[in-house]
Structure formats: C-alpha cells, structure tokens
Amino acid sequence: MSKLLIVDDEIDVREFAKRFFKKRGIDVSIASGGDEALNIIGRHRPDLVLLDIQMEGLSGMEVLRKLREEKNDIKVIMVTGAEDPSIIDEANNLGVKGYIHKPLILEELEKIVMKELKISVHAN
Amino acid sequence: MISYWAFSSLINLITSAFLGFFVFSKNKKRALNVTYALFCLSASIWSFSYFFWQVSTAGQEALFWCRALMAGAIFIPVFYLHHLLYLMRIAQQRRGVIHFCYGFGLVFFFVNFTPLFVKSVSPKMWFSYWPDAGLLFLPFCVVWFWICLYGIWLLAKHVMLSAGERKTQLRYVLTATLIGWLGAFTNFPLWFDIPIPPIGNIFVSVYISLVAYAIIKYQLLDIRIAFTRAGIFIFVYTLVLGIPFGVGMKYLGSGLWLMPVSLMAVFATIGPFIYLFIQKRAEEALLQEQRQYQMTLQQASLGMGQIKELKRLLKLVVHIITKAVSVEHAEVYLLHEESGQFTLKASRGWKHKNREQVSVMELDSPLVVYLKEYRKAVICEEIEQYVRDNDAKEFKEIADIMKQLDSALIVPSFIDQKLIAILILGNKKAKKSYTKDDMAVFTILANQAGLAIENAQFYERMKETHSQLIKAEKMATVGTMADGLSHQINNRLHAMGFIAGDALDTIRSKKKEKNFAGMEAFLDEIEFSLSRIEDNVKRGGEIVEGLLKYTRKGSEGFEEIGFDKLLDSAVEMAQFKIKLNQIRIVRNFEKNIPGIKGNFTQLQEVFFNVIDNAYDAMMQRKEELNEDGYKPTLEFFAARKGWKLEIVIKDNGIGVKPENIEKLFTPFFTTKLSSKKGTGLGLYVIRQIIEENHGGQVKFTSLYKEGSQTVILLPSMVEG
C-alpha cells in the first residue's frame, strides 16, 4: 500500500485530503508542522510527501533542506502560495518532484499524486 | 506803540511772503502753486506798502505808499480767481474770464499812476492820511468786487457738487475765502467816507495761511509737520521781535532806547524756547493719528504673520479693518485659482443690512478689471464724482458695483503682479469720508494681508501634501502586504477547494452505488463539509474587512481608544506583511490604563509602522549577527504621564548607525535592505500623525547592534 504524508498547518486541508486519498486505498498520514513531518518521515517512511512551504514554526523549505542534508531523497511535492521565485529555484535544486500552486482543485491533485505513486486513476 | 493797522499789515506781509515762497518752492511748475504764489506776491506788495503808508509822517509820502499798495491790491482778486479756477480744475473752460481780469488789472495798474484813481489823502477817523477816491475808483470797485464774488460763487457751487475728500477740501478753501475777503472788504468803506475802519485787515493772513495749508495737504502728508513748524516760527518771532519793535517805534527819538533793546534781548533769548515748546505740542497732536494707524498696522502685521489657518487669518483682516477705522462693515474677496473668480471669504458687520451679499465677483467684472489695471485703492465718492464730471460711462458700472457692495473704499491686494484679494470697506460709522491717509494705510495693510494670505495658502497646500504623503505611504504599505494577504486568502480558497472536492467525490460515489442506505451518515458528512466551507468563508471575509478598514480613509474625528485594542488591530494588519511567529510581542502595561484621545485609523497606521520597523530590524540582526539564542523581542510599555499617555516601544533589533539617526524622519530615507520592504515614509508618517495631527511627541533613540526605543506621548482621556 502506497504511503502518503500530507504536511499542512491548515486543519481542513489536512483532514479533507486525508479522507479523499484514504478512499483511494492510500495509507495517509498527516502532520501540522515541520517538526512533526520530520518525525513521521523518520518513523513511517512515506512514498510521497505533500509539503506546504509556508507554515508556523519550521517551514516547508526548512524541512526539505533537512531531509536533503540527511541524504533522504524521499519524493516531495511542494505546495506553494505566493512564494518568491528564488525559493522555487532552491526547491528545484533540492530535487523536488514538482509543486502545486494554491488554490488547487482536489481532482488535479489526485492526478499528480496518483502519477507519483504509480497508481492508475480510474473512476472507482 | 505802532498802530494795530500797521501791525496787521506787517503780519499779512510776513504770512503772504513766506507762504507764497514756500508753496512756490514746493512745486515751481504746477499752475496751482504758481498762481497762488502770484496771489501772495500781490498781497505782499499791498501789505508792504500798507505798512509804510501807516507809518508815514507826511502827506506826500502817504500818497506814494497808497498808490503803491493799490498796485498790489488791483491784482489780488485777479490772481485769486485764476488760482481758484485751477483749484476747481476749470481754468481751461474759463479762459475768457481770466483774460478779462488780467486786462482789467493792467488798465487800472496804469490808471493808478494818475489822480483819477487815488485823488489825494486826508484825515479820516483815527487816520491822518486816508486816501480819497478818484473818478475811476468806483468803477474799479465794481469790477474788483465782481471778480471776488464771482470766485466765491463758483467755489460755493463746486462745494455743492463735489464729494468725498475733495468736498472737504473745497469747503475748507471756501471758509478761508469768506474770512479773508470779509477782512479785506473792511478797507473800502472809509474811501467813501463811511466810518468803518479796516478792522478785518488781519484776516487776510488767515485766508493765506489756510489756503497754503490746503494746497500742501493735498500734495503731501508729512508736509503738514514742516508747515506747522514754519507757522509756529512766524507766530513766535513776530511776537518776540514785533513787540520790542513796536515799543521802539513809540519811543523813537525820545532817547529811551534802552527799554526796547533790552526787551528785544529778553524776547530773543526766550524765543527759541517758546518756539520749541509750542512746536513739540503741535507735532504731537499732528502725529497722534498717524501713530495710532502705525500701531494698528504693526500689531496687524504681527498678528497676521502668526496665523497659518486661512479662514482665521481673513477673519482677523476684517476685524483689523473694522477696528482701525470703525467702519460699518468690511469684507475680503479672495481669488479662487481654478475659476479665476473672487469669492467672499470673510465678512464683518453686514448682518444689519437686510439684503443678500455679493458672493462672487467674476474675473471680467469691471471692478476687478479696474483694480488690475490701476493697481490702487478706489474711493466710491471719487468714482461717482468722476462719473458726474466727465460723463464717464465706463466708470459708471464700477460705481454701480460699489453701490451693490455698499462699499465706500475698495483696496486691492497684490502679490507680485497678481491680484489675489480685494478688501471692501463700508462707510465709516462717523459718516466721514475716506482720506488719502486712509488709502495709504489700507494699501499697506492690504499688501501685508496679501503676504499673510499667500503664507497661509502655502501652509494649507503643504498640509494637503502631507496628508497625501500619509495616504501614499499607506497604499505603498498595502503593496508590501500583497504577499501576506494573497497567501492568507489562498489558504482559505485552497482549504475550501479540498473540502468541496471531497464532498463532491463523496456525492458522486454515492450516486454510482445506487444504494441509498446509510443516508444519515452521508448527510452528516456533507453537512460537516459545508459547515467547514462556511467557516473558511467567514475567515476570508475577516481578512478582506481588515484590509478595507485599514485602507479606507476612516473617520477624521477623535475618539477614545483603548491602547490594547489599538495594538490588536495594528498586529492584525502587520501579520499580512511580516511573520509574526518569528518574534515575541510583550505587552508590559496594565489593562486599565487611560484611553488615548485620537484618531483610530491614523494611530493604527502608526503602530503598524512601529511593529513593521521593529520586525525588520530584528530580522536583520538575526541574519547579520547570527547570535546563538537570539530571541527577537518587541516590548510595549504604556503609562499615564500627567495629562498624557506615554508609550514606549522597545526592540532588540539591529538598531540604527549613529550617522543615520538624524535622517530617520526625513521622507523617503530608508536603511532597509530591500527597497521592496520600505517606502522611507514610515517614521515620517509617524511623526506627522503624532506631532502635527495629535499634538503629541515622538522621540527615537537607538544603539547599533543593541536595539531601538521609540517614546510616543499622546493626549489621553484623563481628566483632572
């Protein structure tokens, strides 16, 4: 079973995405901040992380930097709001799979996630 | 003792000779002065001969001086009339009369050498040698009197027709004329054996003096003083030297020469003191009015320079005017730059008039055009007089406008070449006319008022510029908030997108199942989703509302503001620009401190800027100094201090280098690294709002690499 980690400080985003992807047979875990995310990644080893850049406390970029420092090449998709282009460049250099811009329709996200997890999307 | 008759002629001689010369020397080319001088010359010849006739001791000698005095007397009315015609400005129209008079004078001048004029001298009343009329003396008298009376009649007619200062002036001359001629006429009865002595002889001097005064006064203002001085000099020295002289004449040849000589010595010694004493008194009296005006003007210019608010300034101007001359009403019309019209801006004393005031004068109004062209004050009576005299239709309109304004005097106010204001003065309460002195005074006042008005207008424009700068700064700040704001709003939309997406997914799979069991759980799920959407909408709405509140102008008025609440609203705005989680904000004040008396939106702007600046300074320190365990902390203290509330804001940011401290409050000066972050207007706006708009105080101190402290004093709601 593919494992997905959703990191976002917005409770609605986390909870509804979790519910949505669970219905698609994915093992979803959630984190509300950077520290919690690193913790879960260490313990749970998800296949894909949806990482919000702007968060209270440890930001998404800081999480990404730490992961790459620890030589962890886990698949990451950044979720961006209105970030500076320099941050996007840095994220690219740190080997992210892509970014999604807020706001995003859930169906679009589904396609991206399914592709990265190599699960074919069918209307079930 | 010399006789009164001789003495009076001596006085007449001194007065006419001196004043004739004086007036002539003032303007040698002006016909008015020249004809007056000629008149004085003939009066001098008459008086000179009169004196020697009176002191004559032999019949032949007396007859000679009699003929000599008549040589002068013949021309007295001729020059008198000529002078009067110039004074009334009708010399050109009456040239025929003038020619006739000079012809008459010349004819009798020659007749004077024959016994046909003065036949002989004989004792009459107290006089040993009074002349007897010759054959032609009666016809001479008829013409001579006719010339005098014609002059008086013309003058009286002119007094009736004229107005204003001119009327005063001519009436004055007419009075002098009547006194002078009545005096002179007393010389005639005895010729015809009517027993009336020439008692009025001395009044000729009165006429000469009064007319000289009028001529000089008409020309110059301060000549009055010089003239008074001269008059007093003559008076004092005639007495001082005349009395011993008279005494000497009486005792002439009697050997008692010691008495007149010693008298002369005594009088000559005290003469200068008497002269100085009288002169000082006279000048004081003359100068008093002038001094009063000068005082008013001085106070006015001082007062006007201090007022920066245009409306109050104009009120003061009309106040000064009504106070200075006690005028019925006064108005100021001010140039409106855009339309070019002159609009009524201040008025005083109009209320008792039961009619509408003129509120606007157009640029092409004849009055405005006139003031622009002639650049001087207009006296209504003079304009009306001019319209009557010259049938000048072009000025009729101006006179009509002045009537509509109920104005007696109008004074323009110029700055450089530009007419910027018009001062309107009603009639004086004492019903007196405006004089040249008034015009001079109000012209100076108008010019000073013009400068003060320009000053106030400049100040108001500057204030406008300041408020525009504050607004621009706010808008620039909103620009820097764009990132934070769009992030916040995106988060709402993003969340709602997920909620809706999941709900749709649930509904679609339910529909596909075609199994409507478990409907309750399904509906619960949808209900929850929708309530979450609603919550996000609410939160999004709050963000937008906060922004709008911040950018809208807000109320201009002052209200009671709780400092805690004010900080909340500033922080709320600040979060759109800065990452509040990066810093610690500490509120070190009691919840129940007195409220601030101020404008909410403006003060929100102040504290937003304070937080923003502190944040940037602390982030800069964090990046540049990279200290271990550095905790960015922003502290707020507030305490009552007398009638004010003292707020101290302390940060432990990077601080300001000493060389930059002075420049901090200068608009557009910034030390912030990225130009995107700062407009350079933050502290400038803080000072404007606190000091200019709230009458408070801002003090900023800073130590580089240590932190900054801002102390703000604001009026509070504390009473007593």
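Structure report, in brief. (Residues numbered from 1 in each chain as written. Chains lettered and ligands numbered in written order. Predicted model: local features only at pLDDT ≥ 70, side-chain atom pairs only at ≥ 80, totals over all residues. Heavy atoms only, no water.)

Residue and element names in this part refer to chain B. Position of Met402 relative to the elements: it lies in helix H13 (residues 393-404). On the basis of relative accessibility, which here comes to 0%, the residue Met402 falls in the buried class. Sequence separation of Met402 and Cys380 is 22 residues, and the distance between their C-alpha atoms is 6.6 Å. The contact partners of Met402, leaving out residues within four places of it in the chain, are Val378, Ile379, Cys380, Ser407, Ala408 and Ile410. (Helix = DSSP H or I, 4+ residues; strand = E, 2+ residues; numbered from the N terminus. Buried < 20%, exposed > 50% of the residue type's maximum accessible area, 1.4 Å probe, protein only. Contact = heavy atoms within 4.5 Å.)

Turning next to the interface of chain B and chain A. In this assembly, 25 residues from chain B lie in contact with 27 residues from chain A. Taking both partners together, chain B and chain A bury about 2,200 Å²; carbon and sulfur atoms supply 51% of that area. Ranking the residues of chain B by area buried against chain A places B:His487, B:His494 and B:Phe498 at the top, with a combined share of 30%. In this assembly, chain B and chain A are joined by nine salt bridges. In this structure, B:Asp505 engages A:Arg24 in a salt bridge whose closest nitrogen and oxygen atoms are separated by 2.5 Å. At the boundary of chain B and chain A, one finds 13 residue pairs in polar contact (both at pLDDT 80 or more). Contributing elements (two or more residues each) for the side of chain B that touches chain A: helix H14 (436-513) and helix H15 (519-551) of chain B. Among the elements that line the side of chain B that touches chain A, the one with the most residues is H14(B), at 17 residues. (Buried area = accessible area lost by both parts, 1.4 Å probe. Salt bridge = Lys/Arg side-chain N within 4 Å of Asp/Glu carboxyl O. Polar contact = N/O pair within 3.5 Å; in protein donor to acceptor, adjacent residues only side chain to side chain.)

A separate point is the environment of B:Pro123. Residues and elements named next belong to chain B. Looking at the element boundaries, Pro123 is found in strand S1 (residues 118-124). The class of Pro123 is exposed, set by a relative accessible area of 67%. Through-space distance from the C-alpha of Pro123 to that of Gly59 is 9.8 Å; in sequence the pair is 64 residues apart.

Keep in mind that these numbers describe shape and distance, not what the molecule does.
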